[in-house]
Amino acid sequence: MKQVMPLAAAVLLLAACNGTPPSTSTNSMTSAGSTEPAADNIATPATGVTTATPTAAASASPVPTTAGVDVKKWAGRWIGVEGTYLNVTSTGANTASLEMQYDLDNKGTYPATVTPEGLRFTRGGETLLLRPSDGDATGLKWLAGKKNCLTVKSGEGYCRA
């Protein structure tokens, strides 16, 4: 009950800022099988807010987007500093395998998931993100000036020639 009260207060506060009372109604089904907002869920022109009626396609489950990450372009070998490297292999529609020597003493292979930001993977209990960058963003002076790189975190990056 203690957790519900702050949430209810926040909803009421947001509704007061919006100028319209909160609505408890949901979308209603039309005879054609699509959904549309219930009549009391559509903002009036007096509030300055307009609401488009969703179509059946819009009410379907969203498909995750992975714009910006093309694992096929990232596939292959990337070179770091002092013997470090990264091999990226596509393993499915939204998955990849990362084989890496990430410091002088440690290497391993890690499954990754494609996200809009990059390839998300877990190493040593830490969730990390491999993302596109340039050599300067890696924080490694030997990669500075390079243009086609992937960075895990400051001090760990890999570039192509």
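The notes below deal with the structure included here. (Residues numbered from 1 in each chain as written. Predicted model: local features only at pLDDT ≥ 70, side-chain atom pairs only at ≥ 80, totals over all residues. Heavy atoms only, no water.)

Things to note about the overall build of the chain
Item 1. Assigned secondary structure in the chain consists of 2 helices and 10 strands.
Item 2. When its helices and strands are written in sequence order, the chain yields α-β-β-α-β-β-β-β-β-β-β-β.
Item 3. Taking all 161 residues of the chain together, the buried fraction comes to 27%.
Item 4. Sequence separation of 24 or more characterises 27% of the internal contacts of the chain that already satisfy a separation of 6 or more.
Item 5. On the chain, roughly 10500 Å² of surface is accessible, and the fraction owed to carbon and sulfur atoms is 58%. (Helix = DSSP H or I, 4+ residues; strand = E, 2+ residues; numbered from the N terminus. Buried < 20%, exposed > 50% of the residue type's maximum accessible area, 1.4 Å probe, protein only. Contact = heavy atoms within 4.5 Å. Areas by Shrake-Rupley, 256 points an atom, 1.4 Å probe, with all protein chains shown as cover.)

Here we look at the nonpolar core
Item 1. Judged by nonpolar contacts, the single largest core of 19 residues is most densely connected at L86, V88, L98, L119, F121 and L130.
Item 2. With sequence-adjacent residues up to four places away left out, V88 is seen in contact with V71, W74, A75, G76, W78, S97, L98 and L119.
Item 3. V81, L140, L143 and C149 belong to the second-largest nonpolar core, a separate cluster that totals 5 residues. (Core = buried A, V, L, I, M, F, W, Y, C linked by side-chain atoms within 4.5 Å.)

Things to note about the environment of G135
Item 1. Residue placement: G135 occurs in the loop between β8 (126-133) and β9 (149-153).
Item 2. With 24 residues separating them along the chain, G135 and C159 place their C-alpha atoms 7.0 Å apart.
Item 3. When near neighbours in sequence (up to four residues on either side) are disregarded, G135 contacts L140, L143, A144, K146, C149 and C159.

Brief notes about the side chain of E156
Item 1. Here E156 is to be found in strand β10 (residues 156-159).
Item 2. Accessibility expressed as a relative area gives 6% for E156, which makes it buried.
Item 3. Every residue in contact with E156, bar those within four places of it in the chain, is listed here: M100, Y102, R123, T138, L140 and T151.

Examining the state of the cysteines
Put plainly, a disulfide is one covalent bond tying together the sulfur atoms of two cysteines.
Item 1. Throughout the structure, instances matching the rule amount to 1 disulfide.
Item 2. At a sulfur-sulfur separation of 1.9 Å, the disulfide partner of C149 is C159. One quick way to see it: the torsion about the S-S bond of C149 and C159 is about 100 degrees, and its sign makes the bridge right-handed. Remark: C159 occurs in strand β10 and C149 occurs in strand β9; sequence separation between them is 10 residues. As far as burial versus exposure is concerned, C149 and C159 are alike and both buried. (Disulfide = S-S within 2.5 Å.)

What about the pattern of salt bridges?
Item 1. A complete count under the given rule lists 2 salt bridges for this structure.
Item 2. A salt bridge links E117 to R120, with the nearest nitrogen and oxygen atoms 3.9 Å apart. (Salt bridge = Lys/Arg side-chain N within 4 Å of Asp/Glu carboxyl O.)

Notes on the environment of N87
Item 1. In this structure, N87 sits in strand β4 (residues 85-92).
Item 2. By relative accessible area, which is 17% here, N87 ends up buried.
Item 3. Along the backbone, N87 and Q101 are 14 residues apart, and their C-alpha atoms lie at a distance of 9.2 Å.
Item 4. There is a polar contact of 3.5 Å between the side chain of N87 and the side chain of R77. (Polar contact = N/O pair within 3.5 Å; in protein donor to acceptor, adjacent residues only side chain to side chain.)

Function cannot be inferred from these measures alone, as they are strictly geometric.
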